[in-house]
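# Geometric and topological summary
Listed below, chain by chain, are the residues.
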Amino acid sequence: MRKLLSASFSRLWRNKEFWVCMGVMLAMAVGTLLNACRMAIRDAALYQQSVRCLDDYYFQFGLFIGGFCAIFSSLFLGTEYSDGTLRNKIIVGHTRTDIYLANLLVSFASTLLFLLAWAAGALVAVPTLGFWKMPADALLMYFAVAILFIAVFSAVFTAVAMLCSSKAYTVVISLVMFLVLMIISANVDNKLAEPEMNSSVEISAEGIQMGDPQPNPDYLSGAKREVYEFINDFLPTGQSIQMGYLKIAHPVRMILCSVFLTAAVTGGGLWAFRKKNLN
């Protein structure tokens, strides 16, 4: 395992796609936070105050880091078949279990480095927005949730890369899976965001007035709401959306779900990889 990890990380540091992803994450962080600083300065000039803070933007990496994991893991691990690397590793005596777990660890570590690139770049806003307003324990909790849903993404896309012999198909399948999960989670999140009461707008001779609040038929309540909340906490994309908008309400449940999914996907992928015909 140690030799596999050493060889994989050695290849990682020379990989162009890895450094492109690092650069893009860094650029996105700097661009997003500089725009936030611009809006904060504008608010201060217009309203003599700004309600914007670093917290509002710092965790927006959650909205797209799964996509970076899907793209990079597919490209990096997809060469295992196309370049004959996988067969050579088996020939020299490495077990399939060690090969699979080494690739999973490299995928996980690379995505964590993308996260660090964002985290470092986002600090460009500190002179304008200041440091985090949330307490230290909440900040650590957010990072813990992020690290664990990144582990789920890594497990999923490593499984795809190790079970699909075509690099092109690996990229397509991984991206489609990520987009489908994001669409599902976005729809679930939108359902949960429906207000319990709606107020209609009435236009009269006296001007625009708000009508009496009425029950919202789209509001989820009872057991149905609990099911939607569980789905939102269970899916890594649901967790990432909640992180991006600072809406994490059940961190312990999220962490437990991520641990379960990482173990289940890794176990299932490893079992299938052991059975796979590599000829």
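Refer to the preceding data block for the structure.
As a starting point, this report considers the structure included with it. (Residues numbered from 1 in each chain as written. Predicted model: local features only at pLDDT ≥ 70, side-chain atom pairs only at ≥ 80, totals over all residues. Heavy atoms only, no water.)

### Observations regarding the packing of aromatic side chains
- Using the criterion set out here, one finds 24 aromatic pairs in the structure.
- Relative to Trp19, the ring of Phe18 has its centre 5.0 Å away and its plane inclined at 75°; by these criteria the two rings are edge-to-face.
- Centre to centre, the rings of Phe59 and Phe61 are 6.1 Å apart; their planes meet at 50°, and the pair counts as tilted. There is no split in this pair, since Phe59 and Phe61 are both buried.
- The ring of Phe76 is capped by Arg11, whose NZ or CZ atom sits 3.8 Å from the centre of that ring.
- The ring centre of Phe273 lies 5.8 Å from the NZ or CZ of Arg96, which sits over that ring. (Phe/Tyr/Trp six-rings, centres within 6.5 Å; stacked < 30°, edge-to-face > 60°. Buried < 20%, exposed > 50% of the residue type's maximum accessible area, 1.4 Å probe, protein only. Lys NZ or Arg CZ within 6 Å of the ring centre and 35° of its normal.)

### Here's the deal with the environment of Phe61
- Within the element layout of this structure, Phe61 appears in the loop between helix 3 (55-58) and helix 4 (65-82).
- Accessibility expressed as a relative area gives 0% for Phe61, which makes it buried.
- The spacing of Phe61 and Ala29 is 32 residues in sequence and 7.9 Å in space, taken between C-alpha atoms. (Helix = DSSP H or I, 4+ residues; strand = E, 2+ residues; numbered from the N terminus.)

### Section: the side chain of Thr111
- Following the sequence through the fold, Thr111 ends up in helix 6 (residues 96-121).
- Polar side-chain contacts of Thr111 include one of 2.9 Å to the backbone oxygen of Ser107.
- Excluding residues that lie within four positions of it along the chain, Thr111 makes contacts with Ile65, Cys69, Ile150 and Ser154. (Polar contact = N/O pair within 3.5 Å; in protein donor to acceptor, adjacent residues only side chain to side chain. Contact = heavy atoms within 4.5 Å.)

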